[in-house]
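# Structure at a glance
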Amino acid sequence: GAGVSQSPSNKVTEKGKDVELRCDPISGHTALYWYRQSLGQGLEFLIYFQGNSAPDKSGLPSDRFSAERTGGSVSTLTIQRTQQEDSAVYLCASSLGESGQETQYFGPGTRLLVL
Amino acid sequence: GNSVTQMEGPVTLSEEAFLTINCTYTATGYPSLFWYVQYPGEGLQLLLKATKADDKGSNKGFEATYRKETTSFHLEKGSVQVSDSAVYFCVLNAGGTSYGKLTFGQGTILTVHP
């Protein structure tokens, strides 16, 4: 596709359930990033992939959060045993992966609500 | 560490007014600077960028100049339109040990009235 896509666009879940969020980057982009946008914390970095490897996982808030990327393309962010404080918009971005300061292109986000 | 401080909002203007949104940053090394915009109900879009000192980024009538001496990247537009109503984020990418990790300002809500 022409841009970064994410699914689902909205997800409502009950506290304690696991959720999976998906990101399809722009074709040819080797770098992929996950961010979280919440009212209290603004926009925060979660994790970065170069190919299928994650050199920087420093933003993952707890061990309930994990992410993987397969085939150098699609990425899945998994939140286990969701808590109400996980409610936020989860944004995925991708870039060419040629330098650490290049433009990142964002998807529309997944809005997660934990009841 | 790296940080971005943006002008507090919300900002409310009449159509054709002049816009300035202040942004200052703290970073090690030589960061790249960006302005992203989020229109209602939409995702983040790149508005403009500058990669080195004294560079001017421009797009859609918006401009921002990378000022290393004042560590600033203020966003300006000479004549705003109703369609410019959105949230604007000043963003820093320091590279180096922060490879790829964007640091965002808190966002400034702009509302333009006819």
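Residues numbered from 1 in each chain as written. Chains lettered and ligands numbered in written order. Predicted model: local features only at pLDDT ≥ 70, side-chain atom pairs only at ≥ 80, totals over all residues. Heavy atoms only, no water.

### A word on the state of the cysteines
Among covalent bonds in proteins, the disulfide is the one between the sulfur atoms of two cysteines. Within the structure shown, the criterion is met by 2 disulfides over all chains. With a sulfur-sulfur separation of 1.8 Å, A:C23 is cross-linked through a disulfide to A:C92. Handedness of the A:C23-A:C92 disulfide follows from its S-S torsion of about -65 degrees: it is left-handed. Here A:C23 is found in strand 3 (residues 19–24), whereas its partner A:C92 is found in strand 9 (residues 88–95), with 69 residues between them in sequence. Since its relative accessible area comes to 0%, A:C92 is described here as buried. Two residues share a disulfide in this structure: B:C23 and B:C90, whose sulfurs sit 1.9 Å from each other. Judged by the sign of its S-S torsion, about -70 degrees, the cystine formed by B:C23 and B:C90 is left-handed. (Disulfide = S-S within 2.5 Å. Helix = DSSP H or I, 4+ residues; strand = E, 2+ residues; numbered from the N terminus. Buried < 20%, exposed > 50% of the residue type's maximum accessible area, 1.4 Å probe, protein only.)

### A closer look at the interface of chain A and chain B
Taken together, the contacts link 21 residues of chain A with 19 residues of chain B. Both sides of the chain A and chain B interface together cover about 1600 Å² of buried area, and 52% of this is carbon and sulfur. A per-residue breakdown of the area chain A buries against chain B is headed by A:L43, A:Q101 and A:F106, which together make up 36% of the total. At the junction of chain A and chain B, the tally comes to 1 salt bridge. Between B:K101 and A:D56 there is a salt bridge, and its shortest N-O distance comes to 3.5 Å. For the pair chain A and chain B, the number of links is 8 residue pairs in polar contact (both at pLDDT 80 or more). Those elements that place two or more of their residues in the side of chain A that touches chain B are strand 4 (31–38) and strand 5 (42–50) of chain A. The greatest single-element share of the side of chain A that touches chain B, amounting to 4 residues, is contributed by strand 5 of chain A. (Contact = heavy atoms within 4.5 Å. Buried area = accessible area lost by both parts, 1.4 Å probe. Salt bridge = Lys/Arg side-chain N within 4 Å of Asp/Glu carboxyl O. Polar contact = N/O pair within 3.5 Å; in protein donor to acceptor, adjacent residues only side chain to side chain.)

### Quick word on the pattern of salt bridges
Residues and elements named next belong to chain A. Applying the stated criterion across every chain yields a total of 7 salt bridges over all chains. A salt bridge links D24 to R22; the shortest N-O distance between them is 2.9 Å. Of the residues examined, D24 reaches a relative accessible area of 22% and is grouped as partly exposed. Given the relative accessible area of 38%, R22 is considered partly exposed.

### A few points about the packing of aromatic side chains
Going through the model one piece at a time under the given rule, you end up with 10 aromatic pairs over all chains. With a centroid separation of 5.4 Å and an interplanar angle of 15 degrees, the aromatic rings of A:Y33 and A:Y48 are classed as stacked. Placement of A:Y33 in strand 4 and of A:Y48 in strand 5 is noted, with a sequence separation of 15 residues between them. The exposure class assigned to A:Y48 is buried, which follows from its relative accessible area of 5%. Consider the rings of A:Y35 and A:F106, whose centres lie 5.6 Å apart with planes at 45 degrees: the pair is tilted. With A:Y35 in strand 4 and A:F106 in strand 10 (residues 105–106), this pair connects stretches of sequence that are 71 residues apart. Linked through ring pairs, A:Y35, A:F45, A:F106, B:F34, B:Y36, B:F89 and B:F104 together constitute an aromatic cluster. (Phe/Tyr/Trp six-rings, centres within 6.5 Å; stacked < 30°, edge-to-face > 60°.)

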